[in-house]
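This is what each chain is made of:
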Amino acid sequence: MKILHLDTNHELLINQFKDLGYTNHEDYTSSKETVENKIGDYDGLIIRSRFTIDKQFLDKATNLKFIGRVGAGLENIDVDYAEKKGVYLASAPEGNRNAVGEHTLGMLLSLFNKLKKADAEVRLGKWLREDNRGIELDGKTVGLIGYGNMGKAFAKKLRGFDVEVLCYDIKEGVGNQDATQVDLKEFQDNVDVVSLHTPQTPLTIGMVNLEFINQFKKPFWLFNTARGKSVITQDLVDALKSGKILGAGLDVLEYEKKSFESLFTGELPMAFQYLIEAENVLLSPHVAGWTIESKEKLAQTIVDKIKAKFY
């Protein structure tokens with residue numbers, strides 16, 4: 001039984017699969033075409049986000065029994081076709097849900113207390129206390145869109161605050177002691193904070209657009225630690241300018257692609273330029289689930305799932 005590893009991960013993946021009797025091969029540099037030409041020799045595949053596992057790739061993976069995706073979702077894999085071919089798919093949202101919950105809370109508290117603005121000013125010798133008067137989370141209504149692993153982890157982090165937590169999800173019956181599930185209208189009528197915790201699907205791409213934003217009764221704060229394509233950036237910027245959105249914490253961006261840095265080699269999109277310059281916008285490079293601890297937990301989750309399935 002042979003496993004091909006296409007991305008570097010925690011060393012326990014290699015070590016524990018070896019202990020289970022697998023032969024590990026590592027290839028972190030070859031082109032997709034090169035990998036396709038040899039994937040038929042392998043029983044298992046471990047990947048993060050290096051490239052898309054599509055129909056053509058799967059047709060050449062004639063002996064493939066499983067794919068372990070060391071991350072929260074499976075959006076870079078043709079799930080329907082893989083399952084049709086009998087390939088077991090394992091992702092690991094359990095591995096980084098705590099990290100995402102902590103990161104989201106950190107972004108929220110940072111924006112509420114103007115820490116980005118205050119830090120920059122102090123470094124310039126400015127001591128502007130009144131200009132940096134913050135607001136408190138207590139008494140607010142926090143709304144979570146998507147109440148799976150990530151949403152539940154964030155809701156758990158909010159237990160220590162005097163807040164009401166609402167969740168909206170297309171699945172029924174997902175609410176628990178940490179969040180009350182409501183329909184979309186009740187959600188939009190009541191929340192002060194919106195946090196996205198949804199996978200990338202046809203339903204969630206472009207979900208946060210101007211029409212959606214304007215259906216909220218009150219101005220609100222927006223946080224996205226889920227998928228960048230869920231938010232139409234220009235509509236977000238328009239809402240920030242109008243005051244309909246009070247501020248935004250974005251760990252993911254609509255502009256993400258294989259090399260985000262390539263954005264800066266030419267003229268930046270005007271909407272993105274606005275986000276860079278806005279004091280009430282906090283940006284991070286898709287690292288909400290990217291901690292020392294989550295690296296190990298993600299890897300362990302994949303090993304445990306493969307082991308439970310095949311042993």
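A. Region of interest: the overall build of the protein. What the protein contains, in helices and strands, is 12 helices and 12 strands. Overall size of the protein, expressed as C-alpha extent along the three principal axes, is 65 × 45 × 35 Å. Counting contacts in the protein only where the partners sit at least 6 residues apart, residues at least 24 apart contribute 60% of the total. Of the roughly 15800 Å² of accessible surface on the protein, a fraction of 50% belongs to carbon and sulfur atoms. Placing the 40 positive and 45 negative side-chain charges of the protein at their respective mean positions leaves the two points 2 Å apart.

B. Quick look at the sheet that holds strand β7 (residues 164–168). If you walk across this open sheet you meet the 7 strands as β8-β7-β6-β9-β10-β11-β12, and the pairing is parallel. Each end of this open sheet is capped by a strand with a single partner; those strands are β8 (180–181) and β12 (281–283). The pairing of β7 with β8 spans 2 bridges and is parallel. Looking at β8, one finds that Cys167 is bridged to Gln181. Each of β6 (141–145), β7 and β9 (193–196) touches helix α7 (residues 149–157); the most contacted strand, β6, lies at about 165° to it.

The rules behind these values
Residues numbered from 1 in each chain as written. Predicted model: local features only at pLDDT ≥ 70, side-chain atom pairs only at ≥ 80, totals over all residues. Heavy atoms only, no water. Helix = DSSP H or I, 4+ residues; strand = E, 2+ residues; numbered from the N terminus. Contact = heavy atoms within 4.5 Å. Areas by Shrake-Rupley, 256 points an atom, 1.4 Å probe, with all protein chains shown as cover. Lys, Arg positive; Asp, Glu negative; His and termini not counted. Charge placed at Lys NZ, Arg CZ, Asp CG, Glu CD. Pairing = 2+ DSSP bridges. Axes fitted to C-alpha atoms, helices over the stretch in contact; angles between N-to-C directions.

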